[in-house]
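Chain by chain, the residues:
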Amino acid sequence: MAAGKWMLPVALCCLLATVASVDRNNFKTCEQSSFCRRLRSLEPQTSEFEVLPQSLQQFKQYITLTLAHQRTKHEYTLKLACVKGAGSFHMQVDEKQPLSVRYRVQDALVQEPQYGPTKVESTSGTLIMVACGEGDGVKAAIQVAPFKVDFFQQGKLVVTANGKGMMRFEHLRHKPEPKPDPNAEQKEGGDGEQEAAQADEPPADDPGAWEENFKSHHDSKPKGPEGLALDFTFPQAKVLFGVPEHADTFALRHTATKGTDPYRLYNLDVFEYELNNGMALYGSVPVVYGHGETSTTGVFWLNAAETWVDVFSTNRDTDVVSSLVNLVSWNSQTEPPAVNFISESGIMDVFVLLGPGPTDAFRQFTDLTGKAPLPQLYAIAYHQCRWNYNDERDVESVSAKFDEHDIPMDTMWLDIEYTDGKRYFTWDHHKFPHPVEMIRNLTDLGRHLTIIIDPHIKRDGGYFFHNECTDRGLYVKNKDGGDYEGWCWPGAASYVDFFNPDARRHYADQYLLENFREQSETVGIWNDMNEPSVFNGPEVTMLKDNLHHGGLEHRDVHNLYGHMQLVATFDGLLRRGQGRLRPFILTRSHFAGSQRYAAVWTGDNMAEWGHLQASIKMCLSLSVAGISFCGADVGGFFGNPDGELFSRWYQTGAFQPFFRSHAHIDTKRREPWLFPEDVKLVIRDAIRKRYRLLPFWYTMFYEHERSGLPIMRPLLAHYPTDVNAFAIDHQFLLGDQLLVAPVLDQKQQRSREVYFPVRGDGQGDWWYDWDTHRKHTSTGVEAIPVDSYKVPVFQRGGTILPTKERIRRASTLMRHDPYTLTVALDREGRAKGTLYIDDEQSYEYRRGQYLYLEFEFRDGVLSSRKIDTTATYQTDTWLERVIIVGLGKTPTAATLYTDASGAATGRLELERAGDVVTVRKPGVSMLDAWC
């Protein structure tokens, strides 16, 4: 739920609710954002920064240099270091002697960067060559004047910093005195001295340099102008992607044109957001990747202030960037693509990720920002939500109806109306008189409950938590030092200062059972409105000159606010479960590293086909930016989907990592059984597909924690040389095993065009239709027949997928059910796959209580072995069925050998139907090695 209804103070202290599509007048353009207006460059320039070579200092793991602005002579410190074992550089630029300490982002990285040997190979009056000492061919060439840095991977130039000369760095300064009367007589030589001293000052006519107004809101800007900008060129790339969150194409569009805004990173509550543009949304992950046939590199701009990202691309047909037929035109481009990061404050804190492949670059980013921990199994099953389920009876009725209609469901959700007057950590006992009993009833059915808790706190003298935050000084302050007051769902509200360790701890304490007693340790938490949303604030958020703990200005940390709420919530849930249970949190606001704490959904979408399509684009962009646990509101938050859109959205959501249906309070009820029978049955079929594949999903989530690779992946991740696949964002990969191409258009009723990608050797993989096992061996576009039930999903030849075929009311009741393996053979008649098994809820797996198995089919033999031989988990699950597709010859018999006896246990039952061979009831324990 979000600000679909904005409530503002009006006469008689009433709250007025309105619903409308996004009003762009409420949100700034680059021209209205003074630092963007000042620092944006649309054409290459000659940089005015130069290196002072004599300032070079060499340390074992980094070097430092002094940069100087040629006209102002203001000096800056450049630090360059090789990231240990990563194939990446860390580059920082800060003022050498700032008037006050400039903010450096904290809490986003999983740990402080670990550096490896950083050596100066050579130095001259024009060039300084730096190499990483681990023999991985990673080097940087620092040009003295004009300043730029070229980054090399195995002798190939892959990234250039400041190649377009767009670097800007507004140093902190004292506010100038009012200008004298221009008619007054000036001292001799005064004009030249003043011009030299203030050559990089904001233009004299810029009204936003020292204070800024937007609509009725005033920003006092106590430090004055402090913006910065730096461009990065990707010489080997043909496509750029990343910098979520935007409701736009996966491949970034060209923006560096007058009249077009850059992509904006500034966490905002934008309801009914528009599609196909770079407007700011709920989260910001400032990482961009450049990809070409021979190289994938990335730039991680670690800055939490408002940021704009201009994209320079020679492919400027922005309306068709996703279409297949236009991609080959990129082969003839003459200029490499580039981006220009423009931030309001902070320092230049940059990680250059040198790949060389897509998965290398993705892993380098998650090595820095962390991997999502393995969730409980129920969290990746199906969730049922709306704003709002009315009362206990409603919750119990909906749960019972899922059973009545034989539709699996794991979690019921409650939006803000469950609270006592929008006071979090309380219940409305008129609607929910017995919350603990209600939770227990769901738990007894194998189900869970998730409740919403937002960061705004109702200003009410009768509300315990508000009084505690006031007395302890735990709220965000206004510029004058008083508790900041804004408006949100409760009316007058203040906001917990999550940058204050004491505030985080006290907030986390509220989740403990001894404090919030009417819950259980199994309840999930939904942190919404945490951009933060302030209905009467500038751009529906908090004033930039508000103050946080330690004197931090909100402008420096805005994009981190929601992330810091997650840190506190995760701590509270972890302690609530006594360190045993894995917390489940869903967040709307996010930053780099938020994946360590929560899943993310794409916010206030609409019941339109375009928003269904956008769910894939947005989750692909989030996935490559480290946030794999992503999904969209199935059916659209706003509006009333018809049966076709609703069922197609379920079919898409069933193959995205987070799978939840959610709706606005003003929409019609839309539980599946309220639609016609034929629609309900299609929805049930889609949800059951999800449950069949839960072993595969669970294994992917575990492997994500190990490797950091995305779960939902663009085609270029595994087909990096196929130019036609670079910008495809209407289909996607799950791991490297499944190709998913949902029906996304009302016109696609009889067929769906699917693109089968080309490998580096010029051949294509074999792909097997998940439903029919039909083999597809060609590459390129193929029209796949569809009906209302059909979701075009294909298993790659050479893979083995685990499933469970006994669908129950909830995933928790499937724990002891047997497995089925589907073996899809490649051209060589081989296949491999993995399966992960544990207790599905606790952290015991981190203490070695798990099974991680590898299956291999080779030379007609299917075998199973432990990957981690020291780990173990006592499971009673067993192998019920093996389905083999792609066999050239029909086997006459199958024999099972286990490590328990070493002898054959007898012949197994075989069944052949077309090209599919099924081995029924091998009956072997998943604990045993066998062949």
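Residues numbered from 1 in each chain as written. Predicted model: local features only at pLDDT ≥ 70, side-chain atom pairs only at ≥ 80, totals over all residues. Heavy atoms only, no water.

The chain appears in an unreviewed UniProt entry as Glucosidase II subunit alpha from Anopheles stephensi. As recorded by UniProt, the Pathway (unreviewed entry) comment attached to the chain reads in full: "Glycan metabolism; N-glycan metabolism." For the chain, the Sequence similarities (unreviewed entry) comment in UniProt is given as "Belongs to the glycosyl hydrolase 31 family." (UniProt positions renumbered as here; feature names shortened; annotations may be inferred.)

Asker: Honestly, the sheet that holds strand E29 (residues 524-527) in this entry has me stumped. Any pointers?
Answerer: Here we have nine strands laid out as an open sheet, ordered E32-E31-E30-E29-E25-E24-E23-E34-E33, and parallel in their pairing. Edge positions in the open sheet fall to strand E32 (630-631) and strand E33 (633-634), since each of these has one partner strand only. Relative to strand E30 (residues 585-587), E29 is paired through three bridges, and the arrangement is parallel. Counterpart to Trp526 in the pairing with E30 is Leu586. (Pairing = 2+ DSSP bridges. Helix = DSSP H or I, 4+ residues; strand = E, 2+ residues; numbered from the N terminus.)

Asker: How should I be thinking about the packing of aromatic side chains in this particular structure?
Answerer: For the structure shown, the criterion picks out 57 aromatic pairs. An angle of 90° between the planes, with centres 5.5 Å apart, marks the rings of Tyr463 and Phe464 as edge-to-face. Three or more aromatic residues joined by ring pairs form one cluster here, namely Phe425, Tyr463, Phe464, Phe465, Phe498, Tyr507, Tyr511, Phe516 and Tyr561. Note that Arg660 overlies the ring of Trp526, its terminal NZ or CZ placed 4.7 Å from the centroid. Sitting above the plane of the Tyr819 ring, Lys804 keeps its charged end 4.6 Å from the centroid. (Phe/Tyr/Trp six-rings, centres within 6.5 Å; stacked < 30°, edge-to-face > 60°. Lys NZ or Arg CZ within 6 Å of the ring centre and 35° of its normal.)

Asker: Help me understand the state of the cysteines in this model?
Answerer: Each disulfide is one covalent bond, formed between the sulfur atoms of two cysteines. Taken as a whole and assessed by the stated rule, the structure comprises three disulfides. Linked covalently through their sulfurs, Cys82 and Cys132 form a disulfide whose S-S length is 2.1 Å. Taking the sign of the S-S torsion, -95° for the link of Cys82 and Cys132, the bridge is left-handed. Linking Cys82 in strand E5 (residues 75-83) with Cys132 in strand E8 (residues 127-132), this pair joins segments that are 50 residues apart in sequence. Accessibility classification places Cys82 together with Cys132 in one group, the buried group. The residue that forms a disulfide with Cys619 is Cys630, at a sulfur-sulfur distance of 2.1 Å. Here Cys619 and Cys630 share a disulfide; its torsion about the S-S bond, -75°, makes the bridge left-handed. You can see Cys619 sitting in helix H10 (residues 609-624) and its partner Cys630 sitting in strand E32, a full eleven residues away along the chain. Each bonded cysteine of the chain gets a number by its place in the sequence, and the pairs then read 1-2, 3-4, 5-6. Counting only cysteine sulfurs, Cys630 is the nearest neighbor of Cys385, a cysteine outside any disulfide, at a range of 16 Å. On the basis of relative accessibility, which here comes to 2%, the residue Cys385 falls in the buried class. (Disulfide = S-S within 2.5 Å. Buried < 20%, exposed > 50% of the residue type's maximum accessible area, 1.4 Å probe, protein only.)

Asker: What is the right way to look at the environment of Ala654 in this model?
Answerer: Tracing the backbone shows Ala654 in the loop between helix H11 (643-653) and strand E34 (659-661). Given the relative accessible area of 1%, Ala654 is considered buried. Sequence separation between Ala654 and Val791 is 137 residues; the distance between their C-alpha atoms is 9.9 Å. Those residues in contact with Ala654 that sit more than four places away from it in its chain are Phe659, Ala686, Arg690 and Trp697. (Contact = heavy atoms within 4.5 Å.)

Asker: How should I be thinking about helix H13 (residues 694-707) in this particular structure?
Answerer: Every α-helical turn comprises 3.6 residues, leaving residues that sit three or four positions apart pointing alike. Helix length check: H13, at 14 residues, gives a terminal C-alpha distance of 20 Å against a target of 20 Å (1.5 Å per residue), a fit within 8%. By the criterion of burial, H13 is predominantly enclosed, with eleven of the 14 residues buried. Along H13, the residues classified as buried are Leu694, Pro695, Phe696, Trp697, Tyr698, Thr699, Met700, Phe701, Tyr702, Glu703 and His704. Looking one or two residues past H13, Gly708 carries a phi angle of roughly 80°, positive in sign. (Expected span 1.5 Å × (residues − 1).)

Asker: Help me understand helix H6 (residues 464-472) in this model?
Answerer: All buried positions along H6 are accounted for by Phe465, His466 and Cys469. Considered in projection along H6, the buried side chains sweep an arc of 100° and stay on one side of the axis. Its buried side turned inward, H6 meets strand E26 (456-458) and helix H7 (501-509). In the stretch just after H6, Gly473 is the one whose phi turns positive, near 70°. (Arc of directions from axis to C-beta.)

Asker: Please explain the domain arrangement of the chain as it appears in this structure.
Answerer: Buried accessible area, meaning the area lost when the parts come together, often serves as the stated size of an interface. Taken domain by domain, the chain consists of domain 1 (45-172 + 217-315 + 334-369), domain 2 (377-454 + 501-532 + 552-713) and domain 3 (723-925). Contact residues are listed per partner, giving eight residues for domain 1 and four residues for domain 3. The contact between domain 1 and domain 3 buries some 470 Å² in all, and 75% of this surface belongs to carbon and sulfur atoms. Contact with domain 3 buries area across many residues of domain 1, yet Val239, Phe250 and Glu293 alone supply 58% of it, more than any other trio. Across the contact surface, domain 1 and domain 3 share zero salt bridges. A breakdown of the residues in the side of domain 1 that touches domain 3 according to their chemical character gives three nonpolar, three polar and two charged. (Domains from an automatic or database assignment. Buried area = accessible area lost by both parts, 1.4 Å probe. Salt bridge = Lys/Arg side-chain N within 4 Å of Asp/Glu carboxyl O. Nonpolar A, V, L, I, M, F, W, Y, C, P; charged D, E, K, R; others polar.)

Asker: How should I be thinking about the nonpolar core in this particular structure?
Answerer: Counting 174 residues, the largest nonpolar core has Leu414, Trp427 and Leu734 as its most contacted members. A total of nine residues in this core trace back to one element, the largest contributor, which is H10. If sequence neighbours within four positions are ignored, Leu414 has contacts with Asn388, Tyr389, Val395, Trp427, Phe432, Met438, Leu449, Thr450, Ile451, Ile452 and Trp526. Core analysis: the next-biggest nonpolar cluster, separate from the first, contains 50 residues, Ile63, Cys82, Met167 and Phe234 among them. (Core = buried A, V, L, I, M, F, W, Y, C linked by side-chain atoms within 4.5 Å.)

Asker: Just to check I follow, could you spell out the packing of H10 against H11 for this structure?
Answerer: Helices that pack against each other are described as a pair by the angle of their axes relative to one another and the distance between those axes. Following both chains from N to C, one finds H10 and H11 inclined at 5°, their axes separated by 10 Å at the closest point. Viewed along their axes, H10 and H11 adopt a mutual orientation that is roughly parallel. The residues of H11 that touch H10, namely those facing Trp609, His611, Leu612, Ser615 and Ile616, are Glu644, Leu645, Arg648, Trp649 and Thr652. When the residues that make up the contact of H10 with H11 are grouped by side-chain class, the tally is five nonpolar, three polar and two charged. (Axes fitted to C-alpha atoms, helices over the stretch in contact; angles between N-to-C directions. Parallel < 35°, antiparallel > 145°, perpendicular 65-115°, else oblique.)

Asker: Honestly, the UniProt feature "domain: Glycoside hydrolase family 31 TIM barrel" (unreviewed entry) in the chain in this entry has me stumped. Any pointers?
Answerer: When the UniProt feature table is mapped onto this chain numbering, "domain: Glycoside hydrolase family 31 TIM barrel" (unreviewed entry) sits at residues 373-700. Between the end C-alpha atoms of residues 373-700 the distance is 12 Å, and the span holds 34% helix and 12% strand.

Asker: How should the confidence of the model for the chain be read in this particular structure?
Answerer: Of all residues in the chain, 92% attain a pLDDT of 70 or more, and the chain-wide mean is 93. Confidence drops under a pLDDT of 50 for residues 184-199, and excluding neighbours within four residues, the segment shows six contacts in the predicted structure. Ignoring residues within four places in sequence, the model shows residues 318-332, a span with pLDDT below 50, making 34 contacts including any to other chains. (pLDDT = per-residue confidence, 0-100.)

Asker: For this particular structure, what's the right way to read the side chain of Thr366?
Answerer: Structurally, the position occupied by Thr366 is in helix H3 (residues 358-369). Looking at Thr366, the relative accessible area reads 2%, which means it is buried. A distance of 3.2 Å separates a polar side-chain atom of Thr366 from the backbone oxygen of Arg363. Setting aside residues no more than four positions away along its own chain, Thr366 makes contact with Lys371, Gly626, Ser707 and Gly708. (Polar contact = N/O pair within 3.5 Å; in protein donor to acceptor, adjacent residues only side chain to side chain.)

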